[in-house]
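Observations on the three-dimensional arrangement
Spelled out from the first residue to the last, the chains are:
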Amino acid sequence: MGLFGNKYVAPQISPNGPMTDLNGNVIQDPQGHIGFPGFDGMSASVSLSYVAAMQEHGVPITYAYISDAHDAHPTGPAYGPGQAGYVAALKAYDDAFGKFFTRLANDGINSSNTLFVFTADEGDHFVGGAPSPAGCNGVTTPCTYSKIGEINTNMAGLLATEQGITTPFAVHSDAAPNVYITGNPARDASVTRAFDRALGQLTAVNPITGKTDTLTKYLADSVEMKILHMITADPARTPTLTMFADPNYFLFAGAPNCSSPCVTENPGFAWNHGDVNPDINTTWLGMVGPGIAQVGVDSTTWSDHTDIRPTMMVLLGLKDDYSHDGRVLFEDFQGWAVPPSLQKARGVVMQLAQVYKQIDACVGQLGLKTLAVSTRALESNASGDSTYTQVENQLISINNQRDALAAQMIALLEAAEFSGQPINQQQAQQLISQGNALLNKVNAM
């Protein structure tokens, strides 16, 4: 049983009238319709008001999304770092969080009895020129930008004009576009391999810097995408390949020519994501509540989003009926909250968990190293395509070894985390050694 949609939920959590944000404003969409404001209307004041209202009306587990602060929602434009609009948005978000915590504390809901978890799905990469004036910081001196906006790029036009490739294809537009070649040819078919090589050679003149950029940073076909956990149970969803581009560029498939410019700056959007780049792949997780150690910033524990749910479940004393892809972040627990089965062999468990993440996480050591190897394979053009065949076979072997190892590792960890089974230290040490050997093999490639 459930209530689905604002039409049915709002009367339950706001029975005396329309929902209001934390500042007392009636929540409405940009057209003035009272009610849920939509994806681009979820400022901190709006979103956190919904959370507070649900908590106050018998919904003990609540999830919410907050819109980013670096755009003027809902119509733009995008802000650059230190720009007055961005700074004002951050101040408004900070104020909203203060009101949110105060309101919940007045309800008796606080970190002594409630687990609060905050994260960002990923970082965003700013696309723009240098700020003005020099030395501006947004706090005492606002920044302005004469050049700002992601670089929209027609990859179909560039493939045709630079590489002579007019193979029909569809694309999921992105800084890391998924390419679906028409007819779904095999990854090693001649038409696919010609497309791979051409994609790796694409260049564009950057309208912000005036320099010529190579667009491809990484390439992954179905072999590498499987290593990166990008293959689902539905083969119709599997792209022919994925291009991870220079993060300043947003690629789409337009006309197979450049009669209209193939490369343009779009000031409406200036923050790219979904790509492989340190400022995108590095983000943060904040937790406070029963069992969480108050230690400030932990900059040493490597984790990703798959670790959040098992961590929450252990803290809450709950269990799922399926195995997780992540592990419990017990390094940041108070001592009493760490399951005894993890505490007994803490050092070995920690090593096992750390090696598991590096071989299994998408942007762990194995994932990033094999992505670089995959790129060289797809861009290669040896006689008989021997380099591609050899390297892809190596990657297939790496994936099989990784999957077998990761399955054993997470089974040990989950049994200790949720069933209280002590870690078999001899088995754990063997798995740790095998995991490190696999990482060494990948590094050597």
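Note that the structure is a prediction, hence the values are computed from the model and not measured.

1. Some points on the sheet that holds strand 5 (residues 178–181)
The antiparallel open sheet is built from four strands, whose spatial order is 4-5-9-8. One side of each edge strand has no neighbouring strand; the edge strands of this open sheet are strand 4 (169–172) and strand 8 (216–221). Across this sheet, the average inter-strand angle for adjacent strands is 25°, counted without regard to direction. Sheet analysis places strand 5 next to strand 9 (residues 241–245), joined by two bridges and oriented antiparallel. Paired with asparagine 178 across the strands is threonine 242, a residue of strand 9. Seen against the sheet, helix 4 (residues 155–163) touches strand 4, strand 5 and strand 9 and runs at an angle of roughly 135° to strand 4.

2. Describing the state of the cysteines
The final tally for this structure, using the stated rule, is two disulfides. Here cysteine 136 connects covalently by a disulfide to cysteine 143, the sulfurs 2.1 Å from one another. In this structure the cystine formed by cysteine 136 and cysteine 143 twists about its S-S bond by roughly 110°; its chirality is therefore right-handed. Paired by a disulfide, cysteine 258 and cysteine 262 hold their sulfur atoms 1.9 Å apart. Between cysteine 258 and cysteine 262 the disulfide shows an S-S torsion of about -100°. By sign, it is left-handed. Using a relative accessible area of 28% as the deciding quantity, one classes cysteine 258 as partly exposed. Sequence-ordered numbering of the bonded cysteines in the protein chain yields a pairing of 1-2, 3-4.

Parameters at a glance
- Residues numbered from 1 in each chain as written.
- Predicted model: local features only at pLDDT ≥ 70, side-chain atom pairs only at ≥ 80, totals over all residues.
- Heavy atoms only, no water.
- Pairing = 2+ DSSP bridges.
- Helix = DSSP H or I, 4+ residues; strand = E, 2+ residues; numbered from the N terminus.
- Axes fitted to C-alpha atoms, helices over the stretch in contact; angles between N-to-C directions.
- Contact = heavy atoms within 4.5 Å.
- Disulfide = S-S within 2.5 Å.
- Buried < 20%, exposed > 50% of the residue type's maximum accessible area, 1.4 Å probe, protein only.

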